[in-house]
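# What the coordinates show
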Amino acid sequence: MTAAMSESDMPDWEKRFRAPRVSLPDWAEDAPDRSLFVSNATGTYELYAWDRASGEQRQATNRPNGTTDGLLSPDGAWIWWFDDKDGDEFGVWRRQPFGGGADEEATPGLDPSYPSGLALGRDGRTAVVGRSTDDEGTTIFLARTGEEPLEIYRHAESAGVGDLSHDGSLIAIEHTEHGDAMHSALRVVRPDGTTVAELDDTAGGTEELGLEVLGFAPVDGDPRLLIGHQRRGRWEPLVWDVVSGEQTDLTLDLPGDVSAEWYPDGGALLVVHSHKARSDLFRYDLATGALERIPTPAGSVSGATARPDRTVEYLWSSAAEPPVVRSTTGEVVLDPPGMKCPPSVPVSDAWVEGPGGPVHALIQKPAGAVGPLPTVFDLHGGPTWHDSDSFAAGPAAWVDHGYAVVRINYRGSTGYGRAWTDALKHRVGLIELEDVAAVRDWAVESGLADPDRLVLTGGSWGGYLTLLGLGTQPASWAVGIAVVPVADYVTAYHDEMESLKAMDRTLLGGTPEEVPDRFAASSPLTYVDDVKAPVYISAGLNDPRCPIRQIDNYVNRLAARSALHEVYRYDAGHGSLVVDERIKQLRLEMEFAERHLTPTAAAPTD
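Residues numbered from 1 in each chain as written. Predicted model: local features only at pLDDT ≥ 70, side-chain atom pairs only at ≥ 80, totals over all residues. Heavy atoms only, no water.

## Looking at the overall build of the chain
- Of regular secondary structure, the chain possesses 10 helices and 36 strands.
- With the principal axes as the frame, the chain shows a C-alpha extent of 65 × 60 × 50 Å.
- Evaluated residue by residue, the chain yields a buried proportion of 59% over its 606 residues.
- Restricting to contacts in the chain with at least 6 residues of sequence separation, those with at least 24 account for 52%.
- Of the accessible surface of the chain, which amounts to about 23200 Å², a share of 49% is contributed by carbon and sulfur atoms.
- Across the chain, 51 positive and 94 negative side-chain charges occur, with their mean positions spaced 3 Å apart. (Helix = DSSP H or I, 4+ residues; strand = E, 2+ residues; numbered from the N terminus. Buried < 20%, exposed > 50% of the residue type's maximum accessible area, 1.4 Å probe, protein only. Contact = heavy atoms within 4.5 Å. Areas by Shrake-Rupley, 256 points an atom, 1.4 Å probe, with all protein chains shown as cover. Lys, Arg positive; Asp, Glu negative; His and termini not counted. Charge placed at Lys NZ, Arg CZ, Asp CG, Glu CD.)

## Notes on the sheet that holds strand E15 (residues 185-189)
- The sheet built from 4 strands is open, its strands ordered E13-E14-E15-E16 with antiparallel pairing. With partners counted over all chains shown, the strands left at the sheet margins are strand E13 (159-164) and strand E16 (195-199), one partner each. Looking at each pair of strands side by side, their axes are set apart by 20° on average, direction ignored. (Pairing = 2+ DSSP bridges. Axes fitted to C-alpha atoms, helices over the stretch in contact; angles between N-to-C directions.)

## Observations regarding the pairing of strand E30 (residues 357-364)
- Among the 8 residues in E30, 7 count as buried, and that is most of the element.
- Pairing between strand E29 (residues 348-354) and E30: 7 bridges, direction antiparallel. Residue pairing across strands places valine 352 opposite valine 359, the latter belonging to E30.
- From the end of E29 to the start of E30, which pair antiparallel, there are 2 residues.
- Judged from the 5 bridges that link them, E30 and strand E32 (residues 404-409) form a sheet pairing that is antiparallel. For alanine 361, the partnering residue across the bridge sits in E32 and is isoleucine 408.

## Some details on helix H4 (residues 430-445)
- With 16 residues, H4 should reach 22 Å at 1.5 Å per residue; the first-to-last C-alpha distance of 23 Å fits that figure.
- Looking at H4, one finds that the buried residues are Ile431, Glu432, Leu433, Asp435, Val436, Ala438, Val439, Arg440 and Ala443.
- In the stretch just after H4, glycine 447 is the one whose phi turns positive, near 90°. (Expected span 1.5 Å × (residues − 1).)

## A few points about the nonpolar core
- Ranked by size, the top nonpolar core spans 58 residues in total, and within it Phe377, Ile408, Trp461, Tyr489 and Tyr554 carry the most contacts.
- Beyond its immediate chain neighbours, meaning those up to four positions away, tyrosine 554 contacts Leu467, Ala487, Pro524, Leu525, Val528, Val531 and Ile537.
- Of all hydrophobic cores here, the second largest spans 38 residues; its members include Trp13, Phe17, Ile79 and Tyr568. (Core = buried A, V, L, I, M, F, W, Y, C linked by side-chain atoms within 4.5 Å.)

## Details of the sheet that holds strand E34 (residues 479-483)
- Taken together, the 8 strands give an open sheet; going across it, the order is E29-E30-E32-E31-E33-E34-E35-E36, and neighbouring strands pair in mixed fashion. Sheet topology places E29 and strand E36 (565-570) at the edges, where each strand pairs with a single neighbour. Strand-to-strand, the axes of this sheet are offset by a mean angle of 20°, without reference to chain direction.
- The pairing of E34 with strand E35 (residues 535-540) spans 4 bridges and is classified as parallel. Bridged to isoleucine 481 within E35 is tyrosine 536.

## Overview of helix H2 (residues 393-400)
- Of all 8 residues making up H2, 7 are buried, and the element is well covered by its neighbours.
- Packed against the buried residues of H2 are helix H1 (12-18), E30, strand E31 (373-379), E32, E34 and helix H10 (579-597).
- Downstream of H2 by a residue or two, glycine 402 has a phi angle that is positive, lying close to 95°.

## Focus: unusual backbone geometry
- The amide bond that connects glycine 371 to the next residue, proline 372, takes the cis arrangement and shows omega of 5°.
- When you line up the elements, proline 372 lands in the loop between E30 and E31.
- A cis amide bond links glycine 382 with the next residue in sequence, proline 383, at an omega value of 5°.
- A positive phi is found at arginine 310, a non-glycine position, where the angle reads about 75°.
- For arginine 310, the position within the fold is in the loop between strand E25 (300-306) and strand E26 (312-317).

## Some thoughts on the packing of aromatic side chains
- With the rule as written, the count across this model stands at 14 aromatic pairs.
- Look at phenylalanine 37 and tyrosine 48: their rings are 5.5 Å apart centre to centre, the planes differ by 10°, and that puts the pair in the stacked class. Of this pair, phenylalanine 37 sits in strand E2 (residues 31-39) while tyrosine 48 sits in strand E3 (residues 46-51), and the two are 11 residues apart along the sequence. Across the pair, tyrosine 48 and phenylalanine 37 agree in class, each one buried. (Phe/Tyr/Trp six-rings, centres within 6.5 Å; stacked < 30°, edge-to-face > 60°.)

Quick look at the structure:
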């Protein structure tokens, strides 16, 4: 907060960014009173240690660009955190004592890399570390204090650490050796790297089915691994005994996607159910098959954990109500002091018939407003992600300034079945924009949106779709605002991290040299000369996901024909963890829209 502005003078949209918030606390398996969480209390997102027994909290990390990747050791003795350079995601794991003290390199002998999973042993000295580099592909090491790291896995395709069994005798790995980065297979190995079991739902069939590791049973000597599968067209859990090979299917009578994690005694599962952009919780008893609803408010649960006393803590929000960490005891688990986050307006649902089936859109607009309104079409990233009825400060800011906001779960989004998620392959970007166009037409025809004041925006994959949409649908949009986008798909492929190259090969069916026509058809650069709307782009100088060189290529093409555009480059990676920077970026975006739309809403207040 600037010295010139008091809390009472600050607009609500800015308060939503500045108000202290916390993540769902992680807790140490063998020391459950020790917890780790992320907070923006200092103005930068950092890791915090919390001793629940004493109530003491302390800031564990302090870096200019923030820190969010951290893990507690099961004994609660150590905080592990990932140390990269200015958001470039390339670095090493460090650790520090839970009670405070000097940081030390956690895995000496392992060179810097992109992280590809981490699992920590209960013995206090064992870690399974996943690494990804352009030269080596994916490597996984067993690292023990005082010993040289042991390589237990290597492959050119993407892979990652799934989990380490409770007694440390089994390691689960998710891999894509078959070349399909969207659908993982599983391998379980011993600490020396020898294989115990394999499970691959892509092998021998015509369907592309994925698997994911949800965790080993939290019991010594128990070889049960909880996994997610797509065998019935959506994500569901099952229990796999990796020694006997027995698979126990859990037929849960719930629509939508279902995930789960173990209760600490290994006798039940905490089920997270997602359907139509909302989510709720259940307890599933493995012995009886009983499914018991855990009461939660209407909205979205973005994380949940079962504690040793069988209570459940969960992070909940809705589009109208800010996030809060709740417990099934009825208490708020962690309520940071200071400024309170103002609420926003609730979201309404629209189902629009698109070329691939009904498209779900979430709508927010100023209370009492009557259309047609200036409207922001805010496209989510991923693409394997989805917008939900959850709190988001960005859309709320646009609503405060008089805009309607439309968020679209286009094909490629999760939460609507496997076929919906997988539909974008090979016609990447173009499929999603067909759904966006259908919702745009509905918004105009329904009287919600003013066709002359439509803003197309999004971050990451949403930024990519923004630039692609401005070029392929030039008459549809008045302004485009692309945040950390893919702009030149071929250059992006060559400059991005290896795991994303694998994903692009899966989506497009090969490399730019192997399928040049597909890359050209899906690249915003191909259509840059057709863009008519003013374009605003923000980009991180250290971004390994949407690298800066390919954005510069696109901007140079705009400049060559004197197309109206602005570019904001900032010294961080794929987004910023600094609150002031986030506020600055959104202010610049809203001011750009105001200048080129002249909406009836008031301008942002400095």
